[in-house]
Amino acid sequence: MTDAIVTPLTQALAEGKLTREDLKSFMHRSDAPAFRRLAIWLLVLVATTTLITLAWDSWLIWPAMFLHGIVLVHHFSLQHECVHYTVFRTRWLNDLAGQICGLIIILPHRFFRYEHCDHHTYTQTTGDDPEMIPLPQTIGAYLWYLSAVPYWRSKFTELFRHAFGRLSPGELRFIPQVEHAAVYRDARMMLTIYGLLFLGSVITGWSGLIWYWIIPLFLGEPVMRFIRMTEHVGRPTVPQMSENTRTNLVSAPWRFLCWNMNYHAEHHYVASVPFHALPRLHDKLKDHIYVEPGGYLAAHRDILRQILRGPGPAQD
């Protein structure tokens, strides 16, 4: 694992494309970039929420909720960065923001942190990577995954299992025993909060939670599944991160929403580099990683070609 991480950096250093001073500067953490982005993020949320309100008595409420949902599900990207403690320099701010994001997208933050750690340790290793998305074997399986039905079924099962004090064999591997009770407590607390919110909605007769949160969240999740597939699906199931991870070159709005996680190979190489420095790291490492210049759509064309072709070298 160490060689897979260090070698590309060593190559870039040897070629003079990257200096140790560059790397040190890229790893510098600051609260300011996050606060600036969060200010814009909140304005975007206000805008998409307003669209739903304006379209309330029209069929246009559905595209408005879909657009709002795309923003909501991208709280995953912010939570992901908080897991790495790279959004803010101040550690507790990462934990707070991560917890809030987890409540919005129904993903307990502590559990995700441990799960994601194993994803970085065993990226694209069948049976060991807890976040691995296998290459679908048929177009039907591809569309089924994109529907997000399997995702939600897995997440709700996971949440309720934890609330009842049970971990799966795979989860027992990456969650330390000392944290088992905390994971159970997080799930129970999350379900309690949701229960209180919906009880309050019933008592007050306000249905806003359904129209501003639940429906948009479910409408937007297929977009997140579409994006998550482009990170590793269809890449070789080998330890070398120069092979098993894609960087997708996408437009500025998508880079904003995903907190620069389209630079995914760079993130896997140096996970301690904050989101705002990933574009600069990309300029240094782009010759040593797999880059998809056509972005998310081109990545899916590659995935679909592999599905239609059947098992090939990329899955060996």
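This is a predicted model, so every value here is computed, not measured.

Peer 1: Could you clarify how one ought to interpret the nonpolar core in this entry?
Peer 2: It is characteristic of soluble globular proteins that their nonpolar side chains tend to be buried jointly. Core analysis: the largest hydrophobic core is formed by 58 residues, its most contacted members being Val87 and Leu217. Considering every element that reaches this core, the biggest residue donor is helix H12 (residues 208-232), with seven residues. Apart from residues no more than four positions distant in its own chain, Val87 is found in contact with Ser30, Ala34, Leu78, Glu81, Cys82, Asn94, Trp259 and Phe275. By size, the runner-up hydrophobic cluster in this structure holds nine residues, among which are Leu135, Tyr145, Leu146 and Ile303.

Peer 1: Can you help me understand the environment of Pro33 in this one?
Peer 2: Counting through the fold element by element, Pro33 comes out in helix H3 (residues 31-54). On the accessibility criterion, Pro33 (15% relative accessible area) is buried. Ignoring any residue separated from it by four or fewer positions in sequence, one finds Pro33 in contact with Phe275 and His276.

Peer 1: Which parts of the structure should I look at to understand the state of the cysteines?
Peer 2: Two cysteines whose sulfur atoms are joined by a covalent bond form what is called a disulfide. Applying the stated rule across the entire model yields zero disulfides. Looking at the unpaired Cys82, the closest cysteine sulfur is the one in Cys101, lying at 5.7 Å. The thiol of Cys258 is unpaired, and the distance to the nearest cysteine sulfur, on Cys101, comes to 14 Å. Overall, the relative accessible area of 2% leaves Cys258 in the buried class.

Peer 1: Teacher, can you tell me more about the packing of helix H8 (residues 139-146) against helix H17 (residues 295-309) here?
Peer 2: A pair of packed helices is characterised by two quantities: the angle between their axes and the separation of those axes. Running from amino to carboxyl end, H8 crosses H17 at an angle of 140 degrees, the nearest separation of the two axes being 9 Å. Contacts between H8 and H17 involve Ile139, Tyr142 and Leu146 from the former and His300, Ile303, Leu304, Ile307 and Leu308 from the latter. The residue makeup of the contact of H8 with H17, split by class, is seven nonpolar, one polar and no charged.

Peer 1: Please explain the side chain of Ser77 as it appears in this structure.
Peer 2: Relative to the assigned elements, Ser77 resides in helix H5 (residues 75-83). Residue Ser77 is classed as buried on the basis of its relative accessible area of 5%. Setting aside residues up to four positions removed in sequence, Ser77 forms contacts with Met224, Leu257, Cys258 and Trp259.

Peer 1: Whenever I open this one, helix H9 (residues 149-163) confuses me. Can you help?
Peer 2: Owing to its 3.6 residues per turn, the α-helix aligns residues three or four sequence positions apart on the same side. End to end, H9 covers 21 Å across 15 residues, agreeing with the expected 21 Å (1.5 Å per residue, within 8%). Taken together, the buried residues of H9 touch helix H6 (91-105), helix H7 (109-121), H8, helix H10 (169-174), helix H11 (180-204) and H12. Remark: Gly165 follows H9 within two positions and exhibits a positive phi of approximately 80 degrees.

Peer 1: Looking at this structure, how should I read empty space enclosed by the protein?
Peer 2: It is the rolling of a water-molecule-sized probe over the atoms that shows where space remains empty. In this structure the tally under the stated criterion is four cavities of 30 Å³ or more. As for the largest cavity, its lining consists of 16 residues, and the residues nearest its centre are Phe76, Arg228, Glu231, Met261 and His264. Contributions of two or more residues to the lining of the largest cavity are made by H5, H7 and H12. Partitioning the lining of the largest cavity into residue classes produces six nonpolar, eight polar and two charged. If you add up the space inside the second largest cavity, you get close to 70 Å³. Lining the second largest cavity, in full, are His119, Gln124, Asp129, Glu131, Met132, Ile133, Arg228, Glu231, His232 and Val233.

Peer 1: Which parts of the structure should I look at to understand the pattern of salt bridges?
Peer 2: Any two side chains of opposite charge can pair, on the condition that their charged atoms come close. Counting across every chain of the model gives 12 salt bridges. Between Glu243 and Arg235 there is a salt bridge, with its nearest N and O atoms 3.7 Å apart. With relative accessibility at 9%, the residue Arg235 sits in the buried group. In this structure, Asp302 engages Arg246 in a salt bridge whose closest nitrogen and oxygen atoms are separated by 2.8 Å. One end of the pair, Asp302, is in helix H17; the other, Arg246, is in strand E1 (residues 246-248), and 56 residues separate them in sequence.

Peer 1: It is not clear to me how H8 should be interpreted in this structure. Could you clarify?
Peer 2: For H8, every residue scored as buried is listed here: Tyr142, Tyr145 and Leu146. One side of H8 holds all its buried residues, which, seen down the axis, span an arc of 100 degrees. Where the residues of H8 are buried, they touch H9, H12 and H17. In the segment just after H8, Ala148 is the residue with positive phi, at about 75 degrees.

About the thresholds
Residues numbered from 1 in each chain as written. Predicted model: local features only at pLDDT ≥ 70, side-chain atom pairs only at ≥ 80, totals over all residues. Heavy atoms only, no water. Core = buried A, V, L, I, M, F, W, Y, C linked by side-chain atoms within 4.5 Å. Buried < 20%, exposed > 50% of the residue type's maximum accessible area, 1.4 Å probe, protein only. Helix = DSSP H or I, 4+ residues; strand = E, 2+ residues; numbered from the N terminus. Contact = heavy atoms within 4.5 Å. Disulfide = S-S within 2.5 Å. Axes fitted to C-alpha atoms, helices over the stretch in contact; angles between N-to-C directions. Nonpolar A, V, L, I, M, F, W, Y, C, P; charged D, E, K, R; others polar. Expected span 1.5 Å × (residues − 1). 1 Å grid on protein atoms, 1.4 Å probe; cavity = no way out; pocket = protein on both sides within 12 Å on 5 of 7 lines; lining within 4 Å. Points joined across faces, edges and corners; volume = space filled by probe spheres on them. Salt bridge = Lys/Arg side-chain N within 4 Å of Asp/Glu carboxyl O. Arc of directions from axis to C-beta.

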